[in-house]
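So the chains spell out like this:
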Amino acid sequence: MNTILKTNQLSKSFKDFKAVDNLSFKVNQGDIFGFLGQNGAGKSTTIRMLLSLIQPDSGSIEIFGMNLQTKRNDILRNVGAVIEKPDLYKYLSAYDNLKLFAKMSGIKVSKSLLMDQLELVGLASRYNSKVGTFSQGMKQRLGIAVALVHNPELIVLDEPTNGLDPQGIADIRNLILTLSRDRNKTVLVSSHLLSEIELIANRMIIIHHGKKVVEGEVKELLDPSKTILKIETGDNSKAFELLSKSNWTKGLTITQNQIQLEITKSDIPDLVRFLTAHQTDIYLIQNLHSLEDYFLKLTNPKEDVHVVTN
Amino acid sequence: MLKKIYSAFIFLLIFQVHAKAQANNTLLKNVQAKLDKVTDYEAEGKMKTNVAFLKLPIAKVKLYFKNPNKFKLRSENGMSFVPKGSMSINLYTIFSNNKFTVIEAGDDKIANTNLKIIKLLPDDDTGDLVLTTLYIDPVNALILKSRTTTKENGTYELQMTYGNYAKYGLPDKILFSFNTKDYKLPKGITFDFDDGSTKKSTAKTNVPKKGEIEIAISKYQINKGISNDVFK
Amino acid sequence: MFTLLQIELHKIYSRPRTYIAFAAITAIVLIFQFAFKYDGQSYMDLMLQNIQDNFEIDKSKAINGYFMCYIILNTLLIQVPILVALVAADTISGEANMGTLRLMLTKPVSRTQLLLVKFLASFIFTVCLLIWMAIIALFLSLLIFGHEDMLVFRVKGEESFILQITKDDIMWRYFAAFGYAAIALTVIVALGMLLSVFAENSIGPIVATVCIVLFFTIVSNMNIPVIDRNVKPYLFTSYLVGWKGFFYIGLDSAEQPIKGSIENWPAIQKSIYILLGHIGFFLSMAIISFRKKDILS
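In this text, all values refer to a predicted model and were calculated from it rather than measured experimentally.

Engineer: I keep staring at the overall build of chain A and nothing clicks. Help me out?
Structural biologist: Counting secondary structure elements, chain A contains eleven helices and 14 strands. Its C-alpha atoms put chain A at 75 × 40 × 35 Å along the principal axes. Put simply, chain A has 310 residues, and 41% of those count as buried. In chain A, of all internal contacts separated by at least 6 residues, the share reaching a separation of at least 24 is 70%.

Engineer: Before we go on, may I ask you to explain the sheet that holds strand E10 (residues 155-162) of chain B in this structure?
Structural biologist: Consider a sheet: its strands pair through backbone hydrogen bonds, and that pairing is either parallel or antiparallel. Residues and elements named next belong to chain B. In space, the ten strands of this open sheet follow the order E4-E3-E1-E12-E11-E10-E9-E8-E7-E6, with antiparallel pairing throughout. Pairing within the sheet leaves two strands with one partner each, and these edge strands are strand E4 (70-75) and strand E6 (100-110). This sheet shows a mean twist of 20 degrees between the axes of neighbouring strands, independent of strand direction. Pairing of E10 with strand E11 (residues 171-180), which is carried by six bridges, proceeds in the antiparallel orientation.

Engineer: For this particular structure, what's the right way to read helix H1 (residues 43-50) of chain A?
Structural biologist: An α-helical segment advances 3.6 residues per turn. Residues three or four places apart therefore align on the same side. Residues and elements named next belong to chain A. With eight of eight residues buried, H1 is to be regarded as a mostly interior element. Those residues of H1 not exposed but buried are Lys-43, Ser-44, Thr-45, Thr-46, Ile-47, Arg-48, Met-49 and Leu-50. With its phi angle positive at about 65 degrees, Ser-52 sits one or two positions after the end of H1.

Engineer: Would you explain the interface of chain C and chain A in this entry?
Structural biologist: Where interface size is quoted, it is often the accessible area lost as the parts come together. Every contact between the two is made by 19 residues of chain C and, on the other side, 24 residues of chain A. Elements represented by at least two residues in the side of chain C that touches chain A include exactly helix H1 (2-14) and helix H7 (100-104) of chain C. The residue inventory of the side of chain C that touches chain A, partitioned by class, reads eight nonpolar, six polar and five charged.

Engineer: Explain the sheet that holds strand E2 (residues 150-156) of chain C to me, please; I cannot follow it from the model alone.
Structural biologist: One open sheet accounts for three strands, arranged E2(B)-E3(C)-E2(C); its pairing is mixed. The sheet terminates laterally at strand E2 (54-55) of chain B together with E2 of chain C, the two strands that pair on one side only. As paired elements, E2(C) and strand E3 (residues 159-165) of chain C share seven bridges and run antiparallel to each other. Considered in E3(C), the bridge of C:Phe153 is made with C:Ile162.

Engineer: Would you take a moment to explain the arrangement of the chains for this structure?
Structural biologist: Among the two pairs of chains in contact, the pair with the most contacts is chains B and C. At the C-alpha level, the nearest point of chain A lies 39 Å from chain B, with no contact between them.

Engineer: Is there a simple way to think about the pairing of strand E4 (residues 58-63) of chain A in this case?
Structural biologist: Each regular strand carries side chains that alternate between the two faces of the sheet. Residue and element names in this part refer to chain A. Bridge count for strand E1 (residues 3-14) against E4 is five bridges, and the pairing is antiparallel. When the bridges of E4 are listed, Asn-8 appears paired with Ser-60. One ladder, built from two bridges, connects E4 with strand E5 (residues 66-67); its direction is antiparallel. Looking across to E5, one finds that Glu-62 is bridged to Asn-67. Once E4 ends, the chain turns through two residues before running back antiparallel as E5, passing Phe-64 with a positive phi of about 55 degrees.

Thresholds applied
- Residues numbered from 1 in each chain as written.
- Chains lettered and ligands numbered in written order.
- Predicted model: local features only at pLDDT ≥ 70, side-chain atom pairs only at ≥ 80, totals over all residues.
- Helix = DSSP H or I, 4+ residues; strand = E, 2+ residues; numbered from the N terminus.
- Buried ≥ 20, exposed ≤ 12 C-beta atoms within 10 Å, placed from the backbone.
- Contact = placed C-beta atoms within 7 Å.
- Pairing = 2+ DSSP bridges.
- Axes fitted to C-alpha atoms, helices over the stretch in contact; angles between N-to-C directions.
- Nonpolar A, V, L, I, M, F, W, Y, C, P; charged D, E, K, R; others polar.

Structure, rendered in structure tokens:
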């Protein structure tokens, strides 16, 4: 599978605030890649760095195998983006807005092409109306038309459903699925709602306080049989060493008096046997929560979760 | 065209002098006789203004005269600052309404020409005019210079150079000197471009400044008849 | 590049705000023309002062099309920077405010190119504004008030004087003056853009540009010797009125105006260089800052 986008230890601070901290991830061709995190987790900063709107303090970004720093224009020719709410020129018509940005993308513009795009997002009948008269949903759809008009390979959508009604949200979701399925586009979509990502994405990343919590296949990450286990033993450091040589290394961390790891529930008895077989006294073993619960908590701003990242 | 250049230039002074002054002086009589040959004329002139605060190009003018006292100076092209001769207008009225005492005041010399000096004192001393001095070439019966002193407007001077039309008593060149008031625009009114070349002004205020107007006259057409409309 | 320029111009001309400038200029010019048509004499009386004691001047001739244009430019060129700022200081910040800036900057166009194109578009707007001014302040005035020699009232240091320029020697001076004004106003464009780069709403940079111009203009015109010598040469606003230099006709040794001449061409030349220097400086600063800027709007 081809990697379309790859970041390497990306960091960005605003004054004392570390918005993005050593973030590395990759997006494969054809992915609908979910970019998940609370508001303020660093999603927008990361996405703006991917689009060259913000200069990273350190780290690198590679898109289509090219370095964003040096091949910005070549890359952006093949990227379409909607960043937060798409603001367009209110004093221009939908058609003129689309035409203007299409031209900026460097493609040959024809009326039929533009009308096709407007048709795709259901705005063909309003092509001549000034954007100032549009509802939020219509603007959002026009924004997507702008992102798609130059037929980019990679589409970046930053919180595309923000401020939309349920019907609008469903429309956007269907559009993303259509783009991926029928047009074989790679889509990076950010959201603070796990439920939303879960419905469309095949891969995802979760970030928290600018750091990656987890990255992987959605199906695997949200497997209901997986759980996070907390263990206290007579000799935690010895147990940790044992486990790190075993098959249960996923999410394995050690803090002062506990060990934590990700595990499939059915494996728990084997793990207990493994530890006791190695003369480790188990004082406490606790099934914390399912992964899904964990991520839900992670992406819910009302919960302050202590996150252990790997 | 200027509708009303009502300039009764200094010529008036001269004509009024010979017309109205008590011609009990033979010299004045001769001058008058010469001037009487001209009943009207039209001439072309080039007027040059030398006034500190006026930077004007040489103006093409036309001069018209008709006996006894009609005179007009008209700019041919463009706009012109025509010396008003408000003082001379005053003079004209004084001359026409008052009598003078004529005093012969000796001799003088301008460019090797011997001249007689004649002073005219108005009999009525309530007017603005204080004294007029004429410098007359007795041989050719031509006035070469006149100086007029007024109470309010200072002294002004008229110098004439004669050439082709001397037999009619008409000058080729007139130099009119007068006092000007200070011209000062309030600063800031014009938002001027200061190119940094400003020199320290040497001009002193309250010192009356001299202005000069020079008219070179040519192409006199004498006694061809002129419509009165010209002077309107 | 041309496509981008077209886009920028399209944006400028689709916006109602753009026409405020044209409307404002038209209104001011028409008011001037109306006022002078009906009471130009009293203005002339003020300017001519006691000269009228010694000279007969046809004031109706003195108030002609050329003179009107001079008077109008004299006043208007102090206000036009505000109108130019209205457009130029809005170029980046206005888009940041609308939210279109981030979308634009995700397009395969370099920031430098974008800024240059915006600068060019604002410059073209300024030139259009000047052309419009020429049409109504000069040509319309000539139509209403006629052609005649022009009087230039000038204060130079301690002296005041009047220059007369013959009517066949004026038109080229206006072309030169409008050309100069274009350069001078482009300084405002560049300054406006520079301030615009740092802001995320258009009011801030517009007000800032206008304030800087006004403040500098006031200081430039203070006529305090210490300021004249030590501060004035360093304020670009001192050079904004340099267009008048084209109307300061050269004088010969007899103080007669020399047709087709300019009194101090080197000074005008120097002003042009200084203005171009300012444009270069402001523009490069704008480009440097814009390239580095993180788009957070």
